[in-house]
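Notes for the structure review
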Amino acid sequence: MLELFVKGGPFMVPLALMLLFGIAVGIERLWTLTWAGINVKFFFIEVQQAFRWGGAEGAAEVFSNTRGPVASVLHAGVLSLDRGLEHSEKAIEESGTIEMAFLERGMVWLSTVANIAPLLGFLGTVSGMINAFEAIADAGDVEPSIVAGGISEALITTASGLLIAIPIQALHNFFVSRIDKIIIDMQESSNQFIDELIQAGYSGEENGE
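Residues numbered from 1 in each chain as written. Predicted model: local features only at pLDDT ≥ 70, side-chain atom pairs only at ≥ 80, totals over all residues. Heavy atoms only, no water.

**Brief notes about the layout of surface pockets**
- Of the volumes computed, that of the second largest pocket is approximately 220 Å³.
- Contributing to the lining of the second largest pocket are 13 residues, with I92, E93, M186, Q187 and S190 lying nearest its centre.
- Looking at side-chain class alone, the lining of the second largest pocket contains six nonpolar, five polar and two charged residues. (1 Å grid on protein atoms, 1.4 Å probe; cavity = no way out; pocket = protein on both sides within 12 Å on 5 of 7 lines; lining within 4 Å. Points joined across faces, edges and corners; volume = space filled by probe spheres on them. Nonpolar A, V, L, I, M, F, W, Y, C, P; charged D, E, K, R; others polar.)

**Notes on the packing of helix α2 (residues 12-36) against helix α5 (residues 85-104)**
- Relative to each other, α2 and α5 sit at 140°, their axes nearing to 10 Å. Where α2 abuts α5, its residues R29, T32, L33, W35 and A36 lie against F102, L103 and E104.
- Considering only residue class, the contact of α2 with α5 consists of five nonpolar, one polar and two charged. (Axes fitted to C-alpha atoms, helices over the stretch in contact; angles between N-to-C directions. Helix = DSSP H or I, 4+ residues; strand = E, 2+ residues; numbered from the N terminus. Contact = heavy atoms within 4.5 Å.)

**Brief notes about the nonpolar core**
- F43, V47, F63, V78, L103, F193 and L197 are the most contacted members of the largest nonpolar core, which has 46 residues in total.
- Here this core takes 12 residues from helix α7 (residues 144-199), the largest share from any one element.
- Setting aside residues no more than four positions away along its own chain, F43 makes contact with I38, V62, F63, T66, V70, A71 and L74. (Core = buried A, V, L, I, M, F, W, Y, C linked by side-chain atoms within 4.5 Å. Buried < 20%, exposed > 50% of the residue type's maximum accessible area, 1.4 Å probe, protein only.)

**As for the pattern of salt bridges**
- All chains considered together, the criterion is met by four salt bridges.
- Here R105 and E28 are joined by a salt bridge, their closest N and O atoms 3.3 Å apart. Taken together, the residues R105 in the loop between α5 and α6 (107-139) and E28 in helix α2 connect sequence positions 77 residues apart.
- Salt bridges sharing common partners tie together E28, R29 and R105. (Salt bridge = Lys/Arg side-chain N within 4 Å of Asp/Glu carboxyl O.)

**What about the packing of aromatic side chains?**
- Applying the stated criterion to the full structure yields five aromatic pairs.
- With 6.1 Å between their ring centres and 50° between their planes, F43 and F63 make a pair best called tilted.
- Seen in terms of ring centroids, F174 and F175 are 5.7 Å apart; in terms of plane orientation they differ by 55°. Their pairing is tilted.
- Here the aromatic residues F43, F51, F63 and F193 are joined through ring pairs into a cluster of three or more. (Phe/Tyr/Trp six-rings, centres within 6.5 Å; stacked < 30°, edge-to-face > 60°.)

**A look at the environment of M100**
- One can find M100 in helix α5.
- Each C-alpha atom of the pair M100 and D180 lies 9.5 Å from the other, and the pair is 80 residues apart in sequence.
- Ignoring any residue separated from it by four or fewer positions in sequence, one finds M100 in contact with I183 and M186.

**As for the side chain of T157**
- Mapped onto the fold, T157 is located in helix α7.
- For T157, a relative accessible area of 0% corresponds to the buried category.
- Among the polar contacts made by the side chain of T157, one reaches the main-chain carbonyl oxygen of G121 at a distance of 3.2 Å. (Polar contact = N/O pair within 3.5 Å; in protein donor to acceptor, adjacent residues only side chain to side chain.)

**Here we look at the side chain of S160**
- If you trace the backbone, S160 turns up in helix α7.
- At 2.8 Å, the side chain of S160 and the backbone oxygen of I156 are in polar contact.
- The residues touching S160, leaving out its near neighbours within four places in the chain, are M12 and L15.

**Focus: α2**
- Helix length check: α2 (25 residues) gives 36 Å between terminal C-alpha atoms against 36 Å at 1.5 Å per residue, within 8%.
- Taken together, the buried positions of α2 are M12, L15, M18, G22, V25, G26, R29, T32, L33 and A36. (Expected span 1.5 Å × (residues − 1).)

**A closer look at the environment of V40**
- Structurally, V40 can be placed in helix α3 (residues 40-64).
- The class of V40 is buried, set by a relative accessible area of 14%.
- In this structure, V40 is in contact with D185 and S189, ignoring residues within four places of it in sequence.

**Concerning α5**
- With 20 residues, α5 extends 29 Å from end C-alpha to end C-alpha; this agrees with the ideal 28 Å at 1.5 Å per step.
- Residues of α5 that are buried include every one of L85, S88, A91, I92, S95, G96, E99 and L103, and no others. Burial along α5 is one-sided: seen end-on, the buried residues are contained in an arc of 140°. The exposed residues of α5 that point more than 90 degrees off its buried face are E86, K90, E93, T97 and I98. (Arc of directions from axis to C-beta.)

Here it is as structure tokens:
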């Protein structure tokens, strides 16, 4: 492995750095998105029970004891409920925007690695071919042993760029689907909670309990 790294030439260093950076961001995103996910169905059943038995305070206690953006968004809404349903809806919307930014943080870096890694690999390919032609020019003859080093550098950097980009892109796509699901969960839970408030008699001008 080390021998291939050396044969790949100078572009293997930035490729290796991009790989390490992509892995670091991927691990952080995996941990964050795993932590952010909850079973929304069971969560909202618990919220409904707490709200019907303990009102806004009961629901707020469930939200504060539940991890993730879904609970955080609803918690923001219930904390603003004393100013009326309209303020509660606005608080939910604002909190949802913040949570979405939190979920999407770092995704641009994964996309950057997936896009730049193959370009660096191709740049290494060009460098390797230039070295191969320079070797031919210096020797004045075409022999496999003369061009082998340059061609080897070209192929190794190309393969390395693709080997980095493919899994990082797959990881990025997986995270995007995960984020989309959490956002949908936030939207559906918010709508259900607003409906629950309306059924409980809250209106745009009424105060909470």
